[in-house]
Amino acid sequence: MTVIPAADVPIPIFTTLTEVYGSLVTATKHAERWDELVREFETKFGQKPTYVARAPGRVNLIGEHIDYADFGVLPAAIEHDILIACAPRPASTAAAHRDGHAPGSVVAENLHTRYTRQVFIPTRRHTLGDDVPLDAVRVTPWHLDINKSELRWESYVKAGYYGVLNHFFSPSSILPVPVPVDILVTGNVPPGSGLSSSAAMVVSSTLAFLAVNGIFDGDKAPTKGELVNIAVENERRVGVNSGGMDQSASVIALPGSALYVSFVPSLHAEPIVLPRDAVFVCANSLVVSNKAESAKHQYNLRVAETLAAARLLSHHLNLQVDHTDGDNTKRRLVTLREVLARKSGFYRDEQDAQLENLVQLQKGLVDMLGTAMDYLLPESDDRTYISLSEMINKSGMDEAEFREVYLSGVDVEITNFELYLRARHVFEEALKVLKFREVCLAEGGNEEFKLQTLGKLMNGSHDSCHGQFDCSHPKLNDLVRVARSFREVETGRGKGRIYGSRMTGAGWGGCTVSLVHREDVEAFIMHMKTKYASYESMSEEDLVSCVFATEPGMGACVVKFTD
């Protein structure tokens with residue numbers, strides 16, 4: 001029997017909640033929320049939705065800030081999700097709205113009462129081209145206004161819509177055109193929590209506009225892998241240079257399994273079954289981390305630092321990473337993953353391969369952590385950072401081209417760069433991911449020893465995120481400390497079985513994830529609720545959404561309503 005890779009299968013179109021959540025028990029728990037969404041849609045728009053698009057949040061078990069360096073990661077989808085109900089706007093309703101008949105016009109509502117109705121219409125911009133007569137018109141892609149300096153909930157809806165417009169509707173043709181749409185959004189992924197609410201919103205929006213425009217009914221329907229690529233592109237519309245982990249987990253996830261997601265030589269997702277007694281508990285620090293709004297001095301800066309580290313290493317190791325045509329050299333962005341492959345001698349072979357060779361990758365990672373890394377340090381004194389001028393001098397590029405290739409697309413506000421520590425974190429974290437995967441896949445063996453090994457890897461990951469990548473936060477460190485202290489708590493079955501705890505997501509706030517024995521989950525959750533200082537004044541109802549156990553769930557899907 002031929003097994004189709006997880007990224008190559010179609011987006012599932014379901015008609016029942018049991019299919020969505022994988023079990024009747026879980027579906028029953030969420031049924032009222034779906035019923036409310038459908039009732040409110042009919043109240044607001046005078047008709048029932050034809051589809052509901054669902055995209056879950058994700059928890060990254062291990063592998064932080066390495067996806068955009070092209071190294072594999074190990075996330076899992078969670079039950080918390082974003083739902084978008086949608087339907088084509090009927091002609092009778094459209095007539096009542098200004099521009100209601102305009103192609104692709106959107107009336108967007110949010111179930112949360114603090115968000116107001118939004119109406120937006122995509123436009124096709126006409127500009128004069130440089131290579132055409134002045135009386136000719138060149139049509140540029142579809143356009144929607146997104147204010148990156150003030151991101152709002154509808155910004156992510158627009159971002160998802162962008163990809164549908166520009167991938168499936170030609171701006172230069174009269175037909176087909178996108179239909180006018182009514183949508184209603186709800187979600188329970190806490191924003192800024194490190195559980196990828198933004199990716200879930202963009203994926204769900206993309207799915208909604210694909211479904212309502214009939215894309216899934218034709219031969220152009222995207223696969224899961226293609227949807228991931230579109231969603232990554234879409235999220236960059238709100239200013240985030242995402243690496244693809246969040247979208248992959250939200251789209252490709254399978255119930256009961258984490259995913260080893262790799263990006264080279266192509267997107268691939270391998271289901272990873274976890275030890276039977278492993279349960280992951282998420283805890284919200286209550287420090288909101290808005291990846292898009294803080295990008296220029298946090299997330300996007302880290303992207304720039306890892307890319308710059310790869311450039312410096314490739315120059316130091318005399319690797320041919322640029323395109324040369326005669327006397328002209330076209331500089332290109334190179335990742336730490338590519339530097340490793342070129343240095344280890346398997347880069348060209350990998351271009352023709354279907355999957356990563358994880359044995360040679362692991363050897364390459366160990367090799368990269370050797371003396372070559374010292375080139376990323378300053379020439380003298382004990383500091384680990386280098387200045388902008390030092391970085392440029394070590395790159396083999398002149399200042400103008402370095403700024404154009406590495407800094408023009410990333411709005412950064414800093415003059416010193418920690419390339420050595422960032423690159424060391426990336427290589428070491430990539431090794432931890434491979435080890436985590438190896439432990440989970442090993443047949444037989446002592447289950448308790450497996451859990452302890454996975455926990456140590458998670459602890460090491462957090463320590464590196466804090467000490468080398470500088471993406472943690474004092475409150476996250478407090479949560480990790482409280483979680484790890486559970487091992488001193490008497491549970492009635494002995495000391496609390498907490499194996500490891502770490503920040504998850506981009507960091508600078510958001511959530512932690514802790515690996516806990518299944519039998520001790522309730523005691524652990526109570527421990528976290530009572531010992532983390534920021535939870536002291538919160539009600540039990542609010543705490544339920546702050547600390548919760550999760551097991552891997554289903555990825556993104558569309559539910560089609562039938563008469």
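Our structure's up above, just so we're on the same page.
Here goes a summary of the coordinates provided. Just so it is clear, the structure is predicted and the values come from calculations on it, not from any experiment.

Let's talk about the sheet that holds strand β5 (residues 118-120)
Strands in a sheet are paired, the pairing made by backbone hydrogen bonds, and the direction either parallel or antiparallel.
Item 1. Across the sheet, seven strands lie side by side as β1-β19-β2-β3-β8-β4-β5; this open sheet has mixed pairing. Pairing within the sheet leaves two strands with one partner each, and these edge strands are β1 (13-14) and β5.
Item 2. The sheet contacts of helix α5 (residues 197-212) involve β2 (51-62), β3 (74-88), β4 (106-110), β8 (181-187) and β19 (557-560), and relative to β3 the element is tilted by about 40 degrees.

Here we look at the packing of aromatic side chains
Aromatic rings in a pair are described by how distant their centres are and how their planes are angled relative to each other.
Item 1. Under the counting rule described, the total for this entry stands at nine aromatic pairs.
Item 2. Taken together, a centroid distance of 6.0 Å and an interplanar angle of 80 degrees make the contact between F71 and F427 edge-to-face. Separated by 356 residues along the polypeptide, F71 in the loop between β2 and β3 and F427 in helix α14 (residues 419-441) bring together distant segments of the chain. In this structure, F71 and F427 share a single accessibility class: buried.
Item 3. Arranged with centres 4.7 Å apart and planes meeting at 80 degrees, the rings of Y532 and Y535 form a pair that is edge-to-face.
Item 4. Using a relative accessible area of 1% as the deciding quantity, one classes Y535 as buried.
Item 5. K394 extends its terminal NZ or CZ atom over the ring of Y375, reaching a point 4.3 Å from the ring centre.

Observations regarding empty space enclosed by the protein
Item 1. This structure, assessed with the given rule, holds one cavity of 30 Å³ or more.
Item 2. Here the largest cavity is characterised by a volume of approximately 30 Å³.
Item 3. Lining the largest cavity we find V59, L61, A76, A77, I78, L274, F280, T550, E551 and P552.
Item 4. Listed by contribution, the elements that provide at least two residues to the lining of the largest cavity are β2 and β3.
Item 5. Looking at which element gives the most residues to the lining of the largest cavity, the answer is β3, with three residues.
Item 6. For the lining of the largest cavity, the per-class residue count stands at eight nonpolar, one polar and one charged.

Basis of the calculations
Residues numbered from 1 in each chain as written. Predicted model: local features only at pLDDT ≥ 70, side-chain atom pairs only at ≥ 80, totals over all residues. Heavy atoms only, no water. Pairing = 2+ DSSP bridges. Helix = DSSP H or I, 4+ residues; strand = E, 2+ residues; numbered from the N terminus. Contact = heavy atoms within 4.5 Å. Axes fitted to C-alpha atoms, helices over the stretch in contact; angles between N-to-C directions. Phe/Tyr/Trp six-rings, centres within 6.5 Å; stacked < 30°, edge-to-face > 60°. Buried < 20%, exposed > 50% of the residue type's maximum accessible area, 1.4 Å probe, protein only. Lys NZ or Arg CZ within 6 Å of the ring centre and 35° of its normal. 1 Å grid on protein atoms, 1.4 Å probe; cavity = no way out; pocket = protein on both sides within 12 Å on 5 of 7 lines; lining within 4 Å. Points joined across faces, edges and corners; volume = space filled by probe spheres on them. Nonpolar A, V, L, I, M, F, W, Y, C, P; charged D, E, K, R; others polar.

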